[in-house]
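Given next are the chains, with one letter for each unit.
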Amino acid sequence: MQEKFLKPYNPEEVERDIYELWDKSGFFNPDNLKDIDGENYCIVMPPPNANGRLHAGHGTDMTLKDILIRFNRMRGKKTLLLPGSDHAGFETQGVYEKKLQKEGRSRFGMEREQLYKEIYDFVMENKHVMENDVRRLGVSCDWSRNTFTLQEDVVSRVQDTFVKMYEDGMVYRGLRSIHWNPKFQTSLSDIETDFVEQKDPFFYFQYGPFVIGTARPETKFSDKYVVVHPDDKRYLDFKHGQQFDVEWINGPITATIIKDEAADPEMGSGAMTITPWHSAVDFEIAQRHNLAIEQIIDWNGKLLPVAEEFAGMKIGEAREKIVEKLKAKGLLVRVDEDYVHSVRVCERTGVVVEPQLKEQWFVKMKPLTDMALKTLDSGDYKFITKQHESIFRHWMSNPVDWNISRQIVWGIRIPAWFKDGQIKVSKNSPGEGWVQDPDTFDTWFSSGQWPLLTLGYPSGDDMKFYPTAVMETGADLVFKWVPRMIMFGLYLANQVPFKDIYFHGMVLDAKGKKMSKSKGNVLSPIELADEFGTDATRMSFVVANPPGANMPLSKDKVRAYKKFANKIWNIARFVIENTEEVDFTKRAELLPEDETLLVRSKELAVEVAGHIDAYRMDLAADKLYHYVWHEFADKILEESKPIFTSNDDELKLSRQRVVYELFTSSLKMLHPFMPFVTEEIWQSLPYKECELLMVARWPK
RNA sequence: GCGCGUGUAGCUCAGCUGGUUAGAGUGCUACAUUGACAUUGUAGAGGUCCCAGGUUCGAAUCCUGGCACGCGCACCA
């Protein structure tokens, strides 16, 4: 008996060496998988952002993917789990700006190249830390194919896509309403913003013969148009285009009546004034009627000279003062103090975004979403969780053109050039005097092409892995990443990049609350692995985590699976101890009752495989746990004790053989879930079919 | 406002297309055990399957309505 089995299982002593053993074997790389009887099986890992460490969500994500990969590798498929990292443009630059701030510096006024280089070095450093975290979790990905979104060939191909889209009329440059983050000085797309409910005073002002309501008086300076619904009986006397004089904030102005169905007669007085520069809806109305448009708030969130005495004030300050002034003028009708509404904020920074008009590059979404829905209807890809399919369909049916211009440095530069009001799109400068667009692409523009980029589109060898088997990711990406990959896949390669889409739940804390740094309830997968071992951590991510549901996680749960790892360890000790004298190289018949045990084990293998194929890793793991502990250990091994000490050699030998066989089968089945302890035991087995459990065959 | 989902033991969850007495883990209680086991084993307590109707020989499961919770979208003059 090897000495190590006399002590409890100690993950710390084995995990690093075992990972190295796998890595050195070369079997993470499908090109080295010999003796293959199956087809290609590929999963592309979502590129974790290269700006930080892994959290419990990543842990779940990677564990589930690794289970699928290890299982299919053992089944004889040519498996590729493709790692990479995302530059995560806006997010990373935000992280770096905080660092600058601490050092008393600012990105504003820094040379573009200098800032880029500093962030690059910062990210490269973090990238290695993050990649080591991935190794700690036992993820069997092919590091030789590791991809970063800002490596040269990726950048070049992302720019190719843009050029192609421009030539195909799929992108356009236009002055449109965008979401502006005044603190970080960049525009954002819809999906990078959230709504936060908030209570504000709501003001009603006398505006000539009308009473108009607003929560944002500071935008109202140049509101020269009153919009009413064409059917609103109260305003039938007013004609469209009719003008009248109004005493307003800074004196008398001339107002014009606009009749448009956008006005809701149910809402307040049914009359509203509009601020096209700072409202997407108002901008649409203005465009329909060809109305004058004027900017009121500048890019820093301060009022412009049009506000006269209020010019240069910040929004909050100006709001109060303007209300005071209107009140003094007798134009304040009433105030509703309890007005609850939702304000759009930047998802990353929480900064309230200001709608602004800006010339940006937009992707035409309608043709892409139509294509995506059509192929979904025809069954080219499917959602494992029906509720997500509904959400996806709903979202795809109401597409909004996608703003892909970002006013940040950390990203892929848009290959567009300007000269005297002309635009040219090309990767290289069209000639003298042309100035390149300073903007970079929205990060989702590159990560949306991730499966294509990592597999070498358009002509790389690895395109044989395209389309990949499954996209397994967090439900929060149902609008962000997944639709974009589907659309780019269809647009560029005529094929959706994966067959199945499977959303796992968010990992919550023990009380069912969202984990967040500010709440201090974050469980790091690495710290859990330090305390309980990676195998236990992996199991706790999987069990009771069905597709599409959120999962609370507590240390107690991880501790339970640490005990399980130790149980397996002791089973190994017992089995090896009691079968040492058996010569397994010689074949022999089993007694009928032992044959029955073998049949039961094979049935389990089929059942577990079925669960994994149906993406019910939670059920598969639970079944295995129950079998190994309460059937194999509690019943079979207990029954075997008297047999092992008996003098009936036939009975004894048959039982020794079957116990050994059942144990090795169990190790195989457990391996995708708990790779370290099973491989470590496998390495100590006196008789085995192959050197590495990782590439052993799944029991048939 | 529109849409999606969830509700089963103290806690976390299984329970597929209806079919005996509703299950597991964890927690709790009692007893046993130095053993392959920094423990483990055996046993036990613990349930109005959210509520109300309906379909059915039979409902945790299917249908309708309600309640509670979670999430998404939209509006936000």
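None of these values were measured; they are calculated from a predicted model. (Residues numbered from 1 in each chain as written. Chains lettered and ligands numbered in written order. Predicted model: local features only at pLDDT ≥ 70, side-chain atom pairs only at ≥ 80, totals over all residues. Heavy atoms only, no water.)

## Some words on the overall build of chain A
Then step 1. Scanning chain A for helices and strands turns up 19 helices and 25 strands.
Then step 2. Referenced to the eigenvectors of the C-alpha coordinate spread, the extents of chain A come out at roughly 110 × 60 × 55 Å.
Then step 3. For chain A, the residues scored as buried account for 55% of the 700 residues in total.
Then step 4. Pairs at least 24 residues apart make up 75% of the contacts formed inside chain A by residues separated by at least 6 positions.
Then step 5. In the form shown here, chain A has an accessible surface area of approximately 30500 Å², with 50% of it arising from carbon and sulfur atoms.
Then step 6. Chain A carries 91 positive and 107 negative side-chain charges, and their two centres are separated by 1 Å. (Helix = DSSP H or I, 4+ residues; strand = E, 2+ residues; numbered from the N terminus. Buried < 20%, exposed > 50% of the residue type's maximum accessible area, 1.4 Å probe, protein only. Contact = heavy atoms within 4.5 Å. Areas by Shrake-Rupley, 256 points an atom, 1.4 Å probe, with all protein chains shown as cover. Lys, Arg positive; Asp, Glu negative; His and termini not counted. Charge placed at Lys NZ, Arg CZ, Asp CG, Glu CD.)

## Some remarks on the packing of helix α15 (residues 555-579) against helix α18 (residues 649-670)
Then step 1. Closest axis-to-axis distance for the α15/α18 pair is 10 Å, and the angle between their directions is 150 degrees. The angle between α15 and α18 places the two elements in the roughly antiparallel class. Between α15 and α18 lies a crossing of left-handed hand. In this structure, α15 contributes F564, I568, I571, A572, V575, N578 and T579 to the contact, and α18 contributes Q656, V659, Y660, F663, L667 and L670.
Then step 2. Tallied by class, residues from the contact of α15 with α18 come to 10 nonpolar, 3 polar and no charged. (Axes fitted to C-alpha atoms, helices over the stretch in contact; angles between N-to-C directions. Parallel < 35°, antiparallel > 145°, perpendicular 65-115°, else oblique. Left-handed = near helix turned anticlockwise from the far one by under 90°. Nonpolar A, V, L, I, M, F, W, Y, C, P; charged D, E, K, R; others polar.)

## Concerning the protein's contact with RNA strand B
Then step 1. Taken together, 37 residues are adjacent to RNA strand B, and P8, F195, G213, Y339 and W629 come closest.
Then step 2. Sugar plus phosphate, as a fraction of atoms of RNA strand B within 4 Å of the protein: 59%.
Then step 3. Note that a sugar or linking oxygen of RNA strand B is positioned 3.4 Å from one of the backbone N or O atoms of T214.
Then step 4. Residue A215 places a main-chain N or O atom 3.5 Å away from a sugar or linking oxygen belonging to RNA strand B.
Then step 5. For the surface near RNA strand B, the secondary-structure elements that each account for two or more residues are β7 (193-207), β8 (210-214), β12 (271-273), β13 (332-346), α9 (386-396), α15 and α17 (617-644). (Near = heavy atom within 4 Å. Polar contact = N/O pair within 3.5 Å; in protein donor to acceptor, adjacent residues only side chain to side chain.)

## Details of the sheet that holds strand β19 (residues 422-425)
Then step 1. Spatially, the 3 strands line up as an open sheet ordered β19-β18-β20, and their pairing is antiparallel. If you trace the sheet from one side to the other, it starts and ends with β19 and β20 (435-436), each paired once. (Pairing = 2+ DSSP bridges.)

## Focus on the nonpolar core
Then step 1. V134, F564, M617, F632, F663, F673 and I681 are the most contacted members of the largest nonpolar core, which totals 97 residues.
Then step 2. Ranked by residues supplied to this core, first place goes to α17 with 13 residues.
Then step 3. Beyond its immediate sequence surroundings of up to four residues, F632 is in contact with I571, V575, Y627, L637, V659, L662 and F663.
Then step 4. If you look at the next biggest cluster of nonpolar residues, it comprises 67 residues, including L376, F445, M485 and I501. (Core = buried A, V, L, I, M, F, W, Y, C linked by side-chain atoms within 4.5 Å.)

## Considering helix α16 (residues 592-613)
Then step 1. Relative to the 32 Å expected for 22 residues at 1.5 Å per residue, α16 spans 32 Å between its end C-alpha atoms, a close match to the ideal helical length.
Then step 2. What α16 keeps buried is the set D594, L597, L598, S601, L604, A605, V608, A609, H611 and I612. One side of α16 holds all its buried residues, which, seen down the axis, span an arc of 160 degrees. Away from its buried face by more than 90 degrees, α16 exposes P592, T596 and V606.
Then step 3. Turning to α16, the residues buried within the fold contact α2 (56-74), α17 and α18.
Then step 4. Downstream of α16 by one or two residues, Y615 has phi in the positive range, about 60 degrees. (Expected span 1.5 Å × (residues − 1). Arc of directions from axis to C-beta.)

## Overview of the confidence of the model for chain A
Then step 1. In this model, chain A carries a mean pLDDT of 88, and residues with pLDDT of at least 70 account for 97%.
Then step 2. The ipTM, which scores confidence in the relative placement of chains, is 0.83 for this predicted complex, and the corresponding pTM is 0.90. (pLDDT = per-residue confidence, 0-100.)

## As for unusual backbone geometry
Then step 1. Residue P458 is reached from Y457 by a cis peptide bond, and omega for that bond is 10 degrees.
Then step 2. With respect to the element layout, P458 can be found in the loop between α11 (450-454) and β22 (468-474).
Then step 3. Put simply, Y466 and P467 share a cis peptide bond, and its omega is 0 degrees.
Then step 4. Residue position: P467 is located in the loop between α11 and β22.
Then step 5. Phi at A88 is positive, roughly 50 degrees, even though this residue is not glycine.
Then step 6. As for its position among the elements, A88 is in the loop between β3 (84-85) and α3 (89-102).
Then step 7. What makes A88 buried here is its relative accessible area of 5%.
Then step 8. Non-glycine residue N290 carries a positive phi angle of around 60 degrees.

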